[in-house]
Amino acid sequence: MFLYFLRRLGLMVFTLFGVSIAIFLLLRIAPGNIADILFDSAGMIDPAEKQKIISDLGLDQPLVIQYLHWLNGLVHGDFGYSYVSEKPVLQEVLPRIPITARLALLAILFAVCTGVPVGVVSAVRQNSAIDYVLRVFSLAALSMPAFWLGLLVLMAFVNWAGVLPIYDQAPDSLWAALLMFGVPAATVGLRSSALIMRLTRSSMLEVMRQDYIRTARSKGLSEPAVTFIHALRNAMLPVITTIGVETAFLFGGLVVTETVFNIPGVARFLVEAIRWRDYPMVQNLVMFIATVVVAVNLLVDLTYAIVDPRIRLGS
Amino acid sequence: MAPVLEVSGLSTVFHTRGGTVRAVQDMSFSVEPGELLAVVGESGCGKTMMALSLMRLIPSPPGKIVAGSVRVAGTDLLTLDEAAMRKARGSEIAMIFQEPMTALNPLLTVGRQISEMVALHENVSGKAARERAVEMLHHVRIPEPRRRAGEYPHQMSGGMRQRAMIAMALACKPKVLIADEPTTALDVTIQAQVLDLIDDLRQEMGTAVVLITHDLGVVAEVADRMIVMYAGRKVEEGGIGDLFADPKHPYLRGLLASVPRIGQPKRLQEIAGTVPPLSNLPPGCAFAPRCPSAIDTCRDTMPGLEPKRPNHLAACWVS
Amino acid sequence: MSELIYLARRYPLGVAGGLILVVFVFVAIFANAIAPLDPLTTNPKASLAPPGNTYLLGADMMGRDVLSRLIHGARISLAVALGATLIGSGLGALLGLASGYVGGWFDLVVQRLAEIMQSLPLLVMALVITASLGPSLTNTIIAIAIPLIPNVARVIRANVLSLRELNYVEAARAIGMRNSRIALLHVMPNTLAPLIVLATAQLGSTILTEASLSFLGLGVPEPYPSWGRMLSESAAEYMRSAPWLVIFPGVAISLVVFGANLFGDALRDYLDPRMGD
């Protein structure tokens, strides 16, 4: 078990290493020097100035050196400076992380707490009217673009409640805080909720067909006991793995949701950095996102390995 | 002694897209306490469906028990409401299945799966239930029962899993045990051990056992009496001595003849043809198309069960 | 014909989804003929006109007809989605096939590359690619196609691996059939079904990705009308004054994706007999 964990950790480091190379190269594929782009947009013309900036930023050195320089910085906690604000990357990003984290966690919580029960209901009442309705609804939820849902929610609030759940530095009441985080979390979590619901449903259906369910019934267990003590436990295994995959997807949803609700989180910051061509920022943000995704996946795999006795104890 | 299990006229059908499948037709038999009745037949003859019918575990949208009664110690199970039936399952009548690996929940310990049953049917504390689980494991001759009780099914061998299933089924001392091909998935050597175990336990606990199998060797080992099923019906019944020595129904004769014997120089004997689909049975005797001794009456009229000898019934016009 | 009716009975939702897709494809192809007005003509006097006689679904802040823009937007969104799905699934399938069948270090390398690519969320990767390549129609297609490749490759590879062990492949090898021939004749046709299901499932997500990219201003650029960009231009500012600007493009996106999902679901049920009823 410990070896398994170690091996996975090594794989994780290797993967992140690969990601760093990929992102580094990707941002430099574009024809045109970074300095040119910045330069032209800033409006400076003096070539000497431009040359100074280039050498300041280390852009005149060969790519490999630039990469190693960045990598070295990463390892030592020096993430460089933003091209745009000239402040250290860390200073810009750090305060935004808890905001996004809170949103993400709430979203996942929402998704699991709504998706699983609805999925169980749908599975237990397979092919009934309520099953069809739930399936159609979940499919509809999966078809709506997250940003449109956000816009609609905002519109609804504006037109009916007169309140805009826009982000505020310090919410003055619990109600305000709930609105501020809860509404965007539910919006971005709806899609995940639908996915989890569908997965729970198909997983439950699969499990209910198994022999051990028949055995449980032959012992005289009541239907609720069969469903919750025997079936649900087994059905949840694939759902656990999906949560890992969903986290990656959630980030994409957060990008647009934070934009729509004007929340100053990491995801929205990525878009801003891309728009401003702030390459050091983009690089580091992407590394951060990749690290979170890979780490969450590792965590999920570990959880799975612990929860399933067939893996935990071997044979 | 009064029989503890009395099945009378049991009929089960399945409504499928391909037609109505008459899985069990007019089954009647009885078993006394401590007796082992074997139910023999090919795959697809309805043995498992009959077993599930006794437990009322037939999946209800396509399937339905349409006629008959199943009396255990006088109470007809088919008339009970769902809650009462659930009480009966495990405490009055229990079942063990063919594939112990898939029949046990992989995520719960074996001990838990046994104690769950005890806690459900008897008013004992959790601790007492757990103790009983360990006791039962000991009873079925599993070494180190306490340790095994904390293990998961995948950590045990096939034979041990089957024993654990037996422990689970017998934990609440049911009056009837139905064993659906309990040894088919096991090695021959383990088979013998498990059969011995079932035999010993039924003698010790006085449980009536209905053993379903397609293996005549197993029947010869442990059974007292035997029923032969064909296409959902009972076609022969009697003590195994009588049936093996002088089978009256051509199907049983064919089955016995097809068992290979050492020193037999000739080709293996087979029964020509295949079992007819249960959704499209011919009128008259279902075995007629394959029967070497069939006459016209066989093909148009269903033979009833006649006693060909005392305590030896067969459904055949010819014998 | 009777086959169609049978299918309609068994998979009503799937057929409905398919019909929705067909309608949208039709609209996309014949956009020029169907659209009542030119989608690019601005008319300041009609700015923010509510749905009425001339502007059936209203007009945007520059006086452009929403309905016509929606109709032409179908062409763009579907073209991008289809292009990205075909390219991404095609390349992914080839990669997965080769990786699964050849094995060895090639497989290992591909696996690691796929893992690297999959550690980034789809939208984030697409964003970064458009950022580095620059916003254009083709770049958007490429940016959406590339993240699809590892997903498809993984599934196809798993499929190939399980097929390889099947008895009839061993039999073919035993009689001396060449590996490439086996791959082509035996393995590939059996990966076709899951591939089609996968590609159809991806169609919905590629439409959404394009919409998201365009919404953020990093997808399909001017002057092409894109549903996603129609929504960004109208965002918070006009929510109160011109709700039709927010509602209709979103409905269009959701409807088409819904149709694709319904169709994809039914297709999967049809091709996977194991699921039964």
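Model, not experiment: these values are computed from the prediction.

Novice: Run through the domain arrangement of chain A, naming residues and quoting values.
Specialist: Residue and element names in this part refer to chain A. Domain assignment breaks chain A into domain 1 (1-84 + 276-315) and domain 2 (97-261). Taken together, the contacts link 12 residues of domain 1 with 9 residues of domain 2. Overall, the association of domain 1 and domain 2 removes approximately 950 Å² of surface from exposure, summing both partners, and the carbon and sulfur fraction of that is 85%. In this assembly, domain 1 and domain 2 are joined by 0 salt bridges. There are 0 residue pairs in polar contact (both at pLDDT 80 or more) connecting domain 1 and domain 2. At 10 residues, helix H13 (residues 279-307) tops the list of elements feeding residues into the side of domain 1 that touches domain 2. Among the residues making up the side of domain 1 that touches domain 2, the classes are represented as 8 nonpolar, 1 polar and 3 charged.

Novice: Let's hear about the interface of chain C and chain A: which residues, and what values?
Specialist: Counting from both sides, the interface comprises 40 residues of chain C and, opposite them, 47 residues of chain A. For the pairing of chain C and chain A, the buried interface totals around 3900 Å² over both sides, and the portion due to carbon and sulfur atoms is 76%. In this structure, Asp-265 of chain C and Arg-198 of chain A form a salt bridge, with 2.9 Å as the shortest nitrogen-oxygen distance. At the surface where chain C touches chain A, the tally comes to 6 residue pairs in polar contact (both at pLDDT 80 or more).

Novice: Would you mind going over the sheet that holds strand E2 (residues 19-31) of chain B in detail, with residue names and values included?
Specialist: Residue and element names in this part refer to chain B. The 4 strands lie next to each other as E2-E1-E4-E5, forming an open sheet whose pairing is antiparallel. Edge positions in the sheet fall to E2 and strand E5 (75-76), since each has one partner strand and no second. Where strand E4 (residues 63-72) meets E5, 2 bridges bridge the pair, whose relative direction is antiparallel. Bridge pairing links Val-72 to Thr-75 in E5.

Novice: Explain the domain arrangement of chain B to me, using residue names and the numbers behind them.
Specialist: All names here are of chain B. Taken as a whole, chain B is organised into domain 1 (34-54 + 80-92 + 176-261 + 270-319) and domain 2 (103-173). The gap between the C-alpha centroids of domain 1 and domain 2 is 30 Å. Contacts between domain 1 and domain 2 engage 19 residues on the former and 14 residues on the latter. Scanning the region where domain 1 abuts domain 2 turns up 1 salt bridge. Linking domain 1 with domain 2 are 6 residue pairs in polar contact (both at pLDDT 80 or more). Contributing elements (two or more residues each) for the side of domain 1 that touches domain 2: helix H2 (82-91) and helix H8 (188-205). Top element by residues in the side of domain 1 that touches domain 2 is H8. It accounts for 10 residues. The residue makeup of the side of domain 1 that touches domain 2, split by class, is 9 nonpolar, 4 polar and 6 charged.

Novice: Explain the side chain of Glu-258 of chain A to me, and be specific about the residues and the numbers.
Specialist: All names here are of chain A. Within the secondary structure, Glu-258 sits in helix H11 (residues 223-260). It turns out Glu-258 is buried and unbridged, and the closest side chain with the opposite charge, Arg-268, is 5.8 Å from it. Engagement of the side chain of Glu-258 in a polar contact is seen with the backbone nitrogen of Gly-265, the distance being 3.5 Å. Aside from chain neighbours lying at most four places away, what touches Glu-258 is Thr-100, Leu-103, Ile-263, Gly-265, Val-266, Ala-267 and Arg-268.

Novice: Account for the sheet that holds strand E10 (residues 233-239) of chain B, with residues named and values stated.
Specialist: Within a beta sheet, neighbouring strands are joined by backbone hydrogen bonds and run either parallel or antiparallel to one another. Residues and elements named next belong to chain B. One open sheet accounts for 8 strands, arranged E6-E7-E8-E3-E9-E10-E12-E11; its pairing is mixed. Edge positions in the open sheet fall to strand E6 (93-96) and strand E11 (306-309), since each of these has one partner strand only. On average, adjacent strands in this sheet sit at an angle of 25° to one another, irrespective of strand direction. When strand E3 (residues 36-40) meets strand E9 (residues 225-230), the two strands line up parallel, connected through 4 bridges. Of the residues in E9, the one forming a bridge with Leu-37 is Arg-225.

Novice: Account for the environment of Met-62 of chain C, with residues named and values stated.
Specialist: Residue and element names in this part refer to chain C. With respect to the helices and strands, Met-62 occurs in the loop between helix H3 (31-34) and helix H4 (66-102). With relative accessibility at 37%, the residue Met-62 sits in the partly exposed group. A sequence separation of 15 residues divides Met-62 from Ser-47, and the C-alpha atoms of the two residues are 5.2 Å apart. Those residues in contact with Met-62 that lie beyond four places of it in its chain are Thr-42, Asn-43 and Pro-44.

Conventions we followed
Residues numbered from 1 in each chain as written. Chains lettered and ligands numbered in written order. Predicted model: local features only at pLDDT ≥ 70, side-chain atom pairs only at ≥ 80, totals over all residues. Heavy atoms only, no water. Domains from an automatic or database assignment. Contact = heavy atoms within 4.5 Å. Buried area = accessible area lost by both parts, 1.4 Å probe. Salt bridge = Lys/Arg side-chain N within 4 Å of Asp/Glu carboxyl O. Polar contact = N/O pair within 3.5 Å; in protein donor to acceptor, adjacent residues only side chain to side chain. Helix = DSSP H or I, 4+ residues; strand = E, 2+ residues; numbered from the N terminus. Nonpolar A, V, L, I, M, F, W, Y, C, P; charged D, E, K, R; others polar. Pairing = 2+ DSSP bridges. Buried < 20%, exposed > 50% of the residue type's maximum accessible area, 1.4 Å probe, protein only. Lys, Arg positive; Asp, Glu negative; His and termini not counted. Axes fitted to C-alpha atoms, helices over the stretch in contact; angles between N-to-C directions.

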